[in-house]
Structure formats: structure tokens, C-alpha cells
Amino acid sequence: MSLQSALNALNQKRYQEAAELLEQFCRDCAEHNSSDYLSAQMWLIKAYQATGEIAKAKALCQKLIVSENPQARSWAEKASQSLRQPSNISQKAGRAATTGMKLAMGGVGGSLALASGVTITLLFGIVLALGLSLVFISGSDNPLQGLAIAIGITLVFNIAAFFISPFIMDLTQGWLYQTRWVELTEVEALSPETAKVIRQVCQHKNLKIPRLGIINDQNPTAFTYGSLPNSARLIVSQGLFTYLDDDEIATVYAHELGHIVHWDFAVMTVASTLVQICYLIYSTARRFGRGGGDSKIKDAMQTAALVAYVFYVIGTYLLLYLSRTREYFADHFAAESTGNPNGLSRALVKIAYGILEEGSRTQEPSRLIEGTRALGIYDHKAAASTGTAYRIASDTQKVGRVFLWDMFNPWGWWMELNSTHPLTGKRVRALSTYAEQLGLPTEFDMGRVIGEGKNLNKSRLYGNFFLDVVLYGAETIGFFVGLVMGVILWSNSPNTGLVLGAPLIGLGIGIIIKALVMFPDYKQAPETDILTLMSDPYASPLRGQPAKLEGQLIGRGDAGYKFGSDLKIQDRSGMLYLHYASRFGPIGNFLFGMKRVKSLIGEQVGAVGWFRRGVAPWMDLIQLQSENGTIVNSYHRFWSFILGSGSIILGVVLTMFLSRS
């Protein structure tokens, strides 16, 4: 008997049958420490709970709580909380009685067509302006001919790719992830409401049912690709059915159907092509600007190359903006078509939790999650904070506190500029407004979060942010300040050493000042837990926060790199990445990853380091100490002080030496 057949019965809500199959699997399994056996025990608890056999579920929970496997223990502790509080199930926020009600988007945006049109028009305008500039710049036909050929090739290639890429994607998806194409009836067996939503949306929008695929991977995700709406592919992972309830799965499918209805893949293909043309204009103008010939034409070409590159960067950010906007509109479509914005809010949080849980069970990150980051419904880099909160939260307030950083910290806005997905807190806030319009209680009390955010110390938030932005360029600022000071002093003195030495002294001072802010004194670092660190709305990616954690090392942090030196630590509240730095630089990191990391995985440790928060939180490691006395030291400050001090000393020596000559 396979474990999959038991999980299918569980997903189809045939709980009694699932319990019997899981019991049989556990009796037949000889290896009680295997991942399949532990997974079967976990799902058996869920089956017992669903059939009302609470005593059996509690007994099995107590057995897993003392398991040697840390992930099984963590899961059982959370399950035990839900068994003690069975009313939590009924506390799930409700849904609208009818679907299709029009919902205002408020601060998110008003018109997807307008957003797409404005973005593409701006990109077309940029390409046209650059093309015309080259026409008027050059007196020769050769640059223009080369440019025309390059643009023509780009257009032909992208048009061909537009229609061929779905078939190429089918091949790569099958090869990399063993995608299994299924009929709607199989999806209906796994999630009846999902099939209902697919039929309703396709009938209402006059679409063919998309080609449906399932990937046998427990990391929950979903994505869509294709060339035209009637030839779209909609793929989900098996983990979506494992971690989400029926109504939540339906909202995820509705979100992906929103991408199809809105022609997202077509619009993004056109926009991407225009950005590529900007880059081609830049590379063509730069190449001819380096050649011989008329110096005026050459200078003009170099100017055109610079302008084209600036437009390429602007176009890239416009493309990212369009991608984020389309995620908001797909969420909006799901809320309207299902009448269940709370279901999608729960789905986003549970997807983060599932990614975190699956990541804690393996030493290497999932190829599926890494490879489909831009396509997927959720950016896995943001999963750690939200998933950690959901892991231990007995109420939604703890999850909501983690969203404070997303919504109010200026670094959140800054980091989002480089992301294809909006921050989770902002998506949940938008979905909460849809629930309010439908007259529903919200799943997450975002009103409380907004109220708490308004009471945050704004001068601390924004003052630290602007100071941190300046400190990011402290070395450059120090160098140029030193250069200016050196020139001023040199104008009043014959000492030429000042011009060379002062910039190096300024550079060194900038490096040391930045290091002191990034790596403050850690001797009084407080003992804390991961969830508390992630709930800090003032956290910064630059300003290190000293902290002590107790937990277990559960794997490497480097994506797919078996010699990676970074680690993952897990405590009772969540998981965090630990960034290691050897005093011998990259070579030392490689040797540490090759020789030491494997032996450390599984150890209970105390970790001291500097916590930082970006889209993904992490800790720059200072020291690890295990129960058996093993000590690992990390040297993040070492090279900063070596380089800073060396630069200052070199600057002083140059100044003194040249003053004597």
C-alpha cells in the first residue's frame, strides 16, 4: 500500500478510509525514523482529528513530541495546540454567500488595462526616442543598419518564443519536475470547489479549460504560462493539496486563472521585448562609440549608449512594477470570482508555512521553488517571516505583527522595488479590504496592524532608513570627501602626497564607520527567539541587531550548493539563515562548507550574531557553540577592520613619504 493513496483519500475528505490506510502503512513500515513514516504519523493525526477521534490524535501527538526528529516535534507541538483549542477551526473567517460582486481596489490600483497600457506606452516611447536619436546622430548607414537588424532579430525571436515557449516549457517542466498532466476530474477529486471555480470562470469568460498539471513536490506553489488564454497551462504542486483546505486551494486556482483572463503572459512578453531592445540599442551604440571615425559621431554614440542604459534600467523597474501590479489584480480577480478573499489570505500564509516546513526537512532548497520564483504565486524569499509566525501562532495577531515590517518599514518599500511580487503584508491588507466590502470579518486583523503601525516612531523608522542609505555608500563618500580635502590642502601646500593619501584615509574611515554600525558590540546580546526578531518593525538589512538564539542546525542555507558555508537554525518559533564568514575569505568559506558543515547539521547549538531583515531575514554569525563543546567562530567584522585600517595606514604613509620627496 502506498502513502500516496492514503493522502489522496485524506485530500478527498474520505477521512475514515485515510485513517485506516495510514494505520496500515505505519504497521507495515519497518523504518520508524524514515521521512515517509513520520509524514504518515502526521497525516494520521489530521485524519483522527477529522473523524472525531481526538483521544487517538492526542496520544499520537504526544508520541511525536518526544520524537528524535526536530521537524516532527515542531509539527506535533503545533498540532497539540490545535487539539487543545478545537474551536480554532470554527474561528476561520467566512466568505460571501454569492460570487461575482464587484470590489473596489482602493490604494492598490484602478485599472489593469491602464497600468499595462501606460507601462508599454512608456517602453515604446523609450525605444522610439532612442532609435530616433541614433538616426539623427549618425551620418553613416552602418550603425543604423546593424541596429535595425538587431531589433528585427529581437522582434522575430520574441514573436517566435511567444508561440513556441509554452511547448519548450512543457518539456523543461516534465524534465526538471516530472509534471503530470491531469484531467479536471482528478483535480475535482482532490478539491471539489476548485473544479467548480474553474468551470465557472471558463464558462463566464468564454475560455477553454487550461491544461492542468500537478508536480509531485510537497512545496506548495502554483503558476501559469502560455501564449494565448486558450492555450494556457496551469500547474500546481502536490503540496498545495497537502497544506491548504479545499476553499483555499480554489482561491489559488482562481488567482492563476486571473493571470490567464488578464493575458498576463502576453503583456509581460511584449514589455520584456521592449526592455531587451533598449539593451540592444545600448550595446550597439557603445560598440560604435568605441570605434574610429568622426569624433563627434563617436561622442554622440557614447552619449546615446549612456542614455539607452539609463532607459534600460528604468524599463526594468517598470517591468517589475507591472509584474507586482498584475499580482494584485490576480488576487482581486480571485476575491471576486470566489467571494472568498479570506481564503486567499489564509492560502498565502499557509503557502509560506508549507515552504518553510518543507525547507526544514531537507538540507537543500527545492529546485521547484527556486526555479519558478518569478512564475509562482508566492515569492519564497519572503516565506521565512510569515511561515515562522504561522508555525506557532494560536491566533492571527502574531502573524499580523510580522506584517508590520512589510507595511511600515521604508526598507520594505525599497526591497519591493526589486521584486516581482508585492510583500505579503500588503497583499493580505488588500484582501482584507475586499472582505470588509463584502461585509465579512477579516482573517487577519489588519485594522489592528494598521493602528499599531500608525503608533510606530516615525522619526526612528525614517531617520534610521535615510542614515542607513547614506551608510551603504560610506566608503565612496569617505573617498570623495578625502579627495576634496586633499585637493584643498594641496592647493595651500606643495605636498602632493595629500592628493593621493587623503582619499585613502577617507576610504578607510568610511569602511570602519560602516562596520561599526553594521556590526555593533554584541557582548550584551539578549537571548531571544526567531519570531520575536521577525516581529520587530524597526529591523534593518544594514543595522545589525545583536541576538542570542538556542536551536538546532537543520541544514545548509545555500541554494543547491553542497559545499555551502551558510546554515539554517531552527528553534521552537521558526527557522533562520545563518551567514558564516571565514577570516580567510572565500577560500575559508569553501573549506568550512566542505569539511565542517555536514558534521554540524543536527547539532543543538547556541548562536550569537547580528540579525538583519530584508525580504528574507538572516543572521550574520559571530559564534556557534554546541552541547559537545564544538565552537565555530565567524569573522564578519574582521576584513572590514583590516581593509579600513590598511587603507588609513597606506594613506598616512603615502602622505608622509611624498611630503619628504
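The rules behind these values
Residues numbered from 1 in each chain as written. Predicted model: local features only at pLDDT ≥ 70, side-chain atom pairs only at ≥ 80, totals over all residues. Heavy atoms only, no water. Axes fitted to C-alpha atoms, helices over the stretch in contact; angles between N-to-C directions. Helix = DSSP H or I, 4+ residues; strand = E, 2+ residues; numbered from the N terminus. Parallel < 35°, antiparallel > 145°, perpendicular 65-115°, else oblique. Left-handed = near helix turned anticlockwise from the far one by under 90°. Contact = heavy atoms within 4.5 Å. Phe/Tyr/Trp six-rings, centres within 6.5 Å; stacked < 30°, edge-to-face > 60°. Buried < 20%, exposed > 50% of the residue type's maximum accessible area, 1.4 Å probe, protein only. Pairing = 2+ DSSP bridges. Nonpolar A, V, L, I, M, F, W, Y, C, P; charged D, E, K, R; others polar.

Asks: Got a sec to walk through the packing of helix 1 (residues 3–11) against helix 2 (residues 15–28)? Specific residues and values, please.
Replies: Contact pair helix 1 / helix 2: the axes reach a minimum separation of 8 Å and the direction vectors enclose 160°. The orientation of helix 1 with respect to helix 2, classified from their angle, is roughly antiparallel. At the point where helix 1 passes helix 2, the crossing takes the left-handed sense. Mapping the contact onto sequence places L3, S5, A6, A9 and L10 in helix 1 and Y15, E17, A18, L21, L22 and F25 in helix 2.

Asks: Account for the packing of aromatic side chains, naming residues and giving values.
Replies: Two numbers describe a pair of aromatic rings. These are the distance of the centres and the angle of the planes. On inspection of all chains with the given rule, the structure shows 12 aromatic pairs. Taking 5.8 Å as the distance between ring centres and 90° as the angle between the ring planes, the aromatic pair formed by Y522 and W610 counts as edge-to-face. Taken as a pair, Y522 in the loop between helix 23 (497–518) and helix 24 (530–534) and W610 in strand 8 (residues 604–613) lie far apart in primary sequence, 88 residues in all. Between F638 and W639, the ring centres sit 5.4 Å apart and the planes meet at 85°, which makes this aromatic pair edge-to-face. For F638, a relative accessible area of 31% translates into the label partly exposed.

Asks: Could you give me a rundown of the sheet that holds strand 2 (residues 211–215), with the residues and numbers involved?
Replies: Reading across the sheet, the four strands line up as 1-2-4-3 and stay open at both edges, with mixed pairing between neighbours. Two strands lie at the open edges of the sheet, namely strand 1 (180–182) and strand 3 (222–225), each paired on one side alone. Each strand of the sheet is rotated relative to its neighbour by a mean of 30°, with strand direction disregarded. Inspection of the sheet shows strand 3 paired to strand 4 (residues 233–237) by four bridges, in the antiparallel sense. Residue pairing across strands places F223 opposite I235, the latter belonging to strand 4.

Asks: Please give an account of the packing of helix 21 (residues 458–472) against helix 22 (residues 474–491) that cites residues and values.
Replies: Where helix 21 meets helix 22, the axes come as close as 5 Å, and the angle between the chain directions of the two elements is 65°. Residues V470, L471 and Y472 of helix 21 pack against A474, E475 and I477 of helix 22. Looking at the contact of helix 21 with helix 22 residue by residue, the classes come out as five nonpolar, no polar and one charged.

Keep in mind these values describe shape, not function.
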